[in-house]
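# Fold and contact review
Listed below, chain by chain, are the residues.
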Amino acid sequence: MGILPLIIFLIPSPVYAHKLYPSINEKILQPGSTTKHRITFENTTNKEIYIFPDVYSYNPQSNELIDKDSQIFIRADRDFFPVAPNSKLKLDYEIIIPNNLIPGTYFNLIILRQTNDTGLSLGGNIVGTTENMSQLVVMHITETSDVLGITTDFAQIEMRIIDKGIPFLRPTKVKYIYQNITNYVLEPDGEIQVYNNHGRYDPLYIKINMSKDKLFPNETIEETITIKGWHFSDLLYSRTIAGRFYNGIDENYILKEIQQNTSYILVTSGLFILILGFLLVKSIKQDRRKTKS
């Protein structure tokens, strides 16, 4: 009798989860422009439900909604839409950018509230609940004359070697500081490339900001990159450490280069260590031979 309820409890039951796509709509737009977009909602349940779209301005830093018309740039039909069981609802909306809007990044949130047939909300918090699904609309507003993207000077970047390392023994460490100097919300992207103009080896590529951190206006990100690879040509010739930094919005990038020069003292030290290692291995082999004899 005790096992029977447990068996019934463990029998899997169907779980319904509505679908909404795309979850993020990110666009580069100009002041005075109007564009059309679509959001798709899928009812995966076996009953009819009703959806009501609400639009808010959104602050991702504080995770707060701002109900101000001056910061809402999305126009959508505010009505109750029935969605039949196991069917899809396609909602069209427009993004309308004012002519005098200051260039920068703006966020609007389209929340699809689930209601009953009388239009009464089923409850729950507006954001972060299963009853409500939303699409985040990210709008990067550019200057009217800027055809390349948001701006070519989007960050103040400093890159330097903080540890030269020792060839084949200790890696080189490079630190970069990336400060957002725009009104946009950036996602630092790019890579550190290491190569030797006189070396016959493939360049090393190391990605930056692997955690995909967002960078708000005037914020700064710092990261230390470890370069483990060495080549024999690095003992004789300087190698280039190049940083190619993107903003995560368009194709504009900032290039920073450092020449890592190899000193004769470093080369001599490396050769000395190699010779000592060779003599040590040779001595160990000779001792083993004497022991066996």
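Use the structure listed above.
Computed from a prediction, not measured in an experiment: that's the story for all the values here.

Calculation notes
- Residues numbered from 1 in each chain as written.
- Predicted model: local features only at pLDDT ≥ 70, side-chain atom pairs only at ≥ 80, totals over all residues.
- Heavy atoms only, no water.
- Helix = DSSP H or I, 4+ residues; strand = E, 2+ residues; numbered from the N terminus.
- Contact = heavy atoms within 4.5 Å.
- Areas by Shrake-Rupley, 256 points an atom, 1.4 Å probe, with all protein chains shown as cover.
- Buried < 20%, exposed > 50% of the residue type's maximum accessible area, 1.4 Å probe, protein only.
- Pairing = 2+ DSSP bridges.
- Axes fitted to C-alpha atoms, helices over the stretch in contact; angles between N-to-C directions.
- Salt bridge = Lys/Arg side-chain N within 4 Å of Asp/Glu carboxyl O.
- Phe/Tyr/Trp six-rings, centres within 6.5 Å; stacked < 30°, edge-to-face > 60°.
- Lys NZ or Arg CZ within 6 Å of the ring centre and 35° of its normal.

Scanning the protein from N- to C-terminus turns up two helices and 17 strands. Once local pairs closer than 6 in sequence are excluded, the contacts in the protein between residues at least 24 apart make up 71%. Total accessible area on the protein is roughly 18100 Å²; 54% of this is exposed by carbon and sulfur atoms.

Looking now at the environment of Ile227. Here Ile227 shows up in strand 15 (residues 220-227). By relative accessible area, which is 0% here, Ile227 ends up buried. On a C-alpha basis, the gap between Ile227 and Ile206 in space is 8.1 Å, while along the polypeptide they are 21 residues apart. Among residues more than four places away in sequence, those in contact with Ile227 are Pro171, Thr172, Val174, Val194, Leu204, Ile206, Arg239 and Ile241.

Judged by pairing direction, the sheet is antiparallel, and its four strands sit side by side in the order 14-13-16-17 without closing on themselves. Edge positions in the sheet fall to strand 14 (204-207) and strand 17 (253-260), since each of these pairs with one other strand and no more. The mean angle between the axes of side-by-side strands here comes to 15°, regardless of whether they run parallel or antiparallel. As judged from the four bridges shared by strand 13 (residues 189-195) and strand 14, these two strands associate in the antiparallel manner. Residue pairing across strands places Val194 opposite Leu204, the latter belonging to strand 14.

All right, on to the pattern of salt bridges then. Following the criterion strictly, the structure yields 10 salt bridges and no others. In this structure, the salt-bridge partner of Arg160 is Glu158, at a minimum N-O distance of 3.0 Å. Residue Arg160 is classed as partly exposed on the basis of its relative accessible area, which comes to 34%. On the accessibility criterion, Glu158 (39% relative accessible area) is partly exposed. Here Lys207 ties to Asp189 by a salt bridge, and the two come within 3.1 Å at their closest N and O atoms. Of the two residues, Lys207 sits in strand 14 while Asp189 sits in strand 13, which places them 18 residues apart along the sequence. You can call Asp189 partly exposed: its relative accessible area is 24%.

Time to look at the packing of aromatic side chains. Throughout the structure, instances matching the rule amount to seven aromatic pairs. Look at Phe73 and Tyr106: their rings are 5.5 Å apart centre to centre, the planes differ by 85°, and that puts the pair in the edge-to-face class. Of this pair, Phe73 sits in the loop between strand 5 (64-66) and strand 6 (74-76) while Tyr106 sits in strand 9 (residues 104-115), and the two are 33 residues apart along the sequence. Taken together, the ring pairs connect Phe154, Tyr176, Tyr178 and Phe245 into an aromatic cluster. Looking at Arg239, its charged tip hangs above the ring of Trp230, at a distance of 4.1 Å from the centre. Lying across the ring of Tyr253, Arg244 places its NZ or CZ 4.4 Å from the centre.

None of this, on its own, says anything about what the molecule does.
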